[in-house]
Amino acid sequence: MVGLDMTTSARTQVGIVGAGPAGLLLSHLLALRGIDSIVVENRSRAYCEARQRAGLLEAGSTELLRQVGLGARMDAESLEHGGIYLQFAGERHHLDFRDLTGGRWVTIWAQTEIVKDLIRARLAAGAQIEFEVSDTEVTDLSSETPVLRYTDAAGTRHEVTCDAIAGCDGFHGICRESMPPGLLRVAEREYPYAWLGILAIVPPSTDELIYSRHDDGFALHTMRTTQVSRLYLQVPADDEIEGWSDDRIWAELRRRLEVPGWELKTGPITEKAVSPMRSYVATPMQYGRLFLAGDAAHIVPPTGAKGLNLAIADVTVLATALVSLLRDHDPSGAAGYSDACLRRVWRATHFSWWMTTMLHIDPHQDRFGAELQLSQLRYVIASRAAATTLAENYTGYYPLRW
Ligand code: FAD
Ligand code: DHB
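Here's a quick rundown of the structure. If you're wondering where the values come from, they're calculated on a predicted model, not measured in any experiment. (Residues numbered from 1 in each chain as written. Chains lettered and ligands numbered in written order. Predicted model: local features only at pLDDT ≥ 70, side-chain atom pairs only at ≥ 80, totals over all residues. Heavy atoms only, no water.)

## Describing the pattern of salt bridges
Any two side chains of opposite charge can pair, on the condition that their charged atoms come close. Counting across every chain of the model gives 22 salt bridges. The shortest N-O distance in the salt bridge between Arg 367 and Glu 371 comes to 3.2 Å. Taken together, the residues span about one helical turn, with Arg 367 and Glu 371 both in helix H11 (residues 367-382) at a distance of four residues. Assessed through its relative accessible area of 65%, Arg 367 is described here as exposed. Connected via shared salt-bridge partners are Arg 73, Glu 77, Glu 113, Lys 116, Asp 117 and Arg 120. (Salt bridge = Lys/Arg side-chain N within 4 Å of Asp/Glu carboxyl O. Helix = DSSP H or I, 4+ residues; strand = E, 2+ residues; numbered from the N terminus. Buried < 20%, exposed > 50% of the residue type's maximum accessible area, 1.4 Å probe, protein only.)

Below you can see the structure in the form of structure tokens.
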């Protein structure tokens, strides 16, 4: 319907802002329980499918994706890992998660692949995903019919009346800021370093991930497939990628990762970028009929790979709450959404902060700080209790229910 002001009006049950993993998975879960949604995204489909980000799933995230029909390609192509290596003081030690946690594991499966599968599944089911929108707005949030407005790629303005709106628009989105001023309480930390991440066409030099604390800074060897490696280096917080030639990156990775008898294989670098590191939690994650999920509400530093797993967990809780609210007229899940998510968010926030500060070199670090880090690392590899703490947090502490 076209109104006098040339705005097209529409009606849906849930308006979802953002086609990252949170928004797309929410739309998929809602559809499985018969709830309609629209997803609006300001980037192109190609951009969303190519954006290099996370790559490691907790056991519960993998199980959920499988349970909701998104497991076929993941099961065929992903890599299952039963532990990690922790390296410090020139020695590499293995932590066996299966042994420590009674059989739990993690899965290497890139965020890009999850996003591709989700977009394909949603479009095949006839879902509406609007890419390349602009001027997204969410209003009337305290009413039972909140409104989502956007301008589509062709320039037409749309107004969608919803029963609920999900802000899945990442850390720099508009939904969090659309809440009334003064409502949100923010807890945050900035870290005095950043990560330089590369993707390289070379088989991984390791069977499981290597987390290395080195006096020159942290390094991580992870992977995407049996043919593609992903590696990260701690760099100064304000460092620019232009200063990092491929040769310099490989030399630094070699210095920080190599131990006697082990060599880092190198290959062509296809992607490199510097990302800042921050912890941030905004509370509450809900105002009226607006619900925030994933990076829109909280971010963690990447060490320990919790960001994507938290986004998956948030929308699993949110989908259940919205189904109760909209199908069964039971508002209790929606009212408890924020508290239900924040327990897990804070556990992951603590774990990510702990892994980060245990493994990175603070530029202002003194001898005392360095010795505490080394003592903690020695304790983690020597004490079964300490190793289990790391293993149960890494593989996912709180179960996901769907
Ligand atoms: P996002 O993936 O950010 O998706 C939000 C979407 O909303 C985006 O597509 C965005 O374009 C869209 N959007 C924003 N504003 C609007 C608007 N106004 N209108 C419409 N759409 C909008 N986590 C790990 O676990 N391991 C990692 O190695 C790792 N690396 C990372 C590297 C980088 C550079 C970044 C930024 C994050 C990384 N993360 C990592 C975190 C992880 O990728 C995120 O936690 C995850 O993407 C969160 O998913 P999301 O759907 O909540 O948000
Ligand atoms: C990856 C990223 C992480 O931050 C991490 O701790 C483990 C794996 C990854 O990109 O594969």
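## A few points about the packing of helix H8 (residues 307-327) against helix H10 (residues 337-359)
H10 packs onto H8 with a crossing angle of 165° between their chain directions and a minimal axis gap of 10 Å. Classified by the angle their axes make, H8 and H10 are roughly antiparallel. Relative to H10, the crossing made by H8 is right-handed. Together, Leu 310, Ala 313, Asp 314, Val 317 and Leu 318 of H8 and Tyr 337, Ala 340, Cys 341, Arg 344, Val 345 and Ala 348 of H10 make up the contact between the two elements. Residue composition of the contact of H8 with H10, by class: nine nonpolar, no polar and two charged. (Axes fitted to C-alpha atoms, helices over the stretch in contact; angles between N-to-C directions. Parallel < 35°, antiparallel > 145°, perpendicular 65-115°, else oblique. Left-handed = near helix turned anticlockwise from the far one by under 90°. Contact = heavy atoms within 4.5 Å. Nonpolar A, V, L, I, M, F, W, Y, C, P; charged D, E, K, R; others polar.)

## Notes on the pairing of strand E2 (residues 14-17)
On a regular strand, one side chain projects to one face of the sheet and the next to the other, so that they alternate. Of the two faces of E2, the one carrying Val 14 and Ile 16 and the one carrying Gly 15 and Val 17 are both buried. Crossover connection from E2 via helix H1 (residues 21-32) to parallel strand E3 (residues 37-40): handedness right-handed. (Right-handed = clockwise from strand over helix to strand, strands pointing away.)

## Observations regarding the site of ligand 2
In the neighbourhood of ligand 2, 13 residues make up the surrounding shell, with Tyr 211, Thr 222, Arg 224, Tyr 232 and Pro 302 lying closest. At 2.5 Å, a backbone N or O of Pro 302 approaches an oxygen atom of ligand 2. One of the backbone nitrogen or oxygen atoms of Gly 304 is found 2.9 Å away from an oxygen atom of ligand 2. Burial of ligand 2 by the protein amounts to 97% of the accessible area it has alone, namely 290 Å². Split by residue class, the shell around ligand 2 holds eight nonpolar, four polar and one charged. (Near = heavy atom within 4 Å. Polar contact = N/O pair within 3.5 Å; in protein donor to acceptor, adjacent residues only side chain to side chain. Areas by Shrake-Rupley, 256 points an atom, 1.4 Å probe, with all protein chains shown as cover.)

## Brief notes about the layout of surface pockets
Volume-wise, the second largest pocket comes out at about 290 Å³. In terms of lining, the second largest pocket is formed by 13 residues, of which the most central are Val 317, Ala 340, Arg 344, Pro 399 and Arg 401. Only H8 and H10 provide two or more residues apiece to the lining of the second largest pocket. Taken together, the residues of the lining of the second largest pocket break down into six nonpolar, four polar and three charged. (1 Å grid on protein atoms, 1.4 Å probe; cavity = no way out; pocket = protein on both sides within 12 Å on 5 of 7 lines; lining within 4 Å. Points joined across faces, edges and corners; volume = space filled by probe spheres on them.)

## Topic: the nonpolar core
Ranked by size, the top nonpolar core spans 66 residues in total, and within it Leu 25, Leu 26, Leu 30 and Leu 148 carry the most contacts. Ranked by residues supplied to this core, first place goes to H8 with 11 residues. Setting aside chain neighbours within four positions, we find Leu 25 in contact with Leu 64, Leu 65, Leu 70, Leu 118, Ile 312 and Val 315. Counting 33 residues, the second-largest nonpolar core is a separate cluster that includes Leu 86, Leu 209, Phe 218 and Met 277. (Core = buried A, V, L, I, M, F, W, Y, C linked by side-chain atoms within 4.5 Å.)

## Topic: unusual backbone geometry
The omega torsion of the bond from Thr 283 to Pro 284 falls at -5°, within 30 degrees of zero and hence cis. As for its placement among the helices and strands, Pro 284 is situated in the loop between strand E18 (269-283) and strand E19 (286-287). A positive phi angle, close to 50°, is found at Asp 135, a residue other than glycine. Mapped onto the fold, Asp 135 is located in strand E10 (residues 134-139). Residue Asp 135 is classed as exposed on the basis of its relative accessible area, which comes to 56%.

## A closer look at the sheet that holds strand E5 (residues 79-81)
Strand-to-strand pairing in sheets goes through backbone hydrogen bonds, with the strands running parallel or antiparallel. Pairing is antiparallel in the open sheet, where three strands are placed in the order E4-E8-E5. Each of the sheet's edge strands pairs with one partner strand only, and the pair in question is strand E4 (56-58) and E5. Averaged over all pairs of adjacent strands, the angle between strand axes in this sheet comes to 30°, irrespective of strand direction. Here three bridges tie E5 to strand E8 (residues 106-108), and the two strands are oriented antiparallel to one another. Looking at the pairing, His 81 lines up with Val 106 of E8. (Pairing = 2+ DSSP bridges.)

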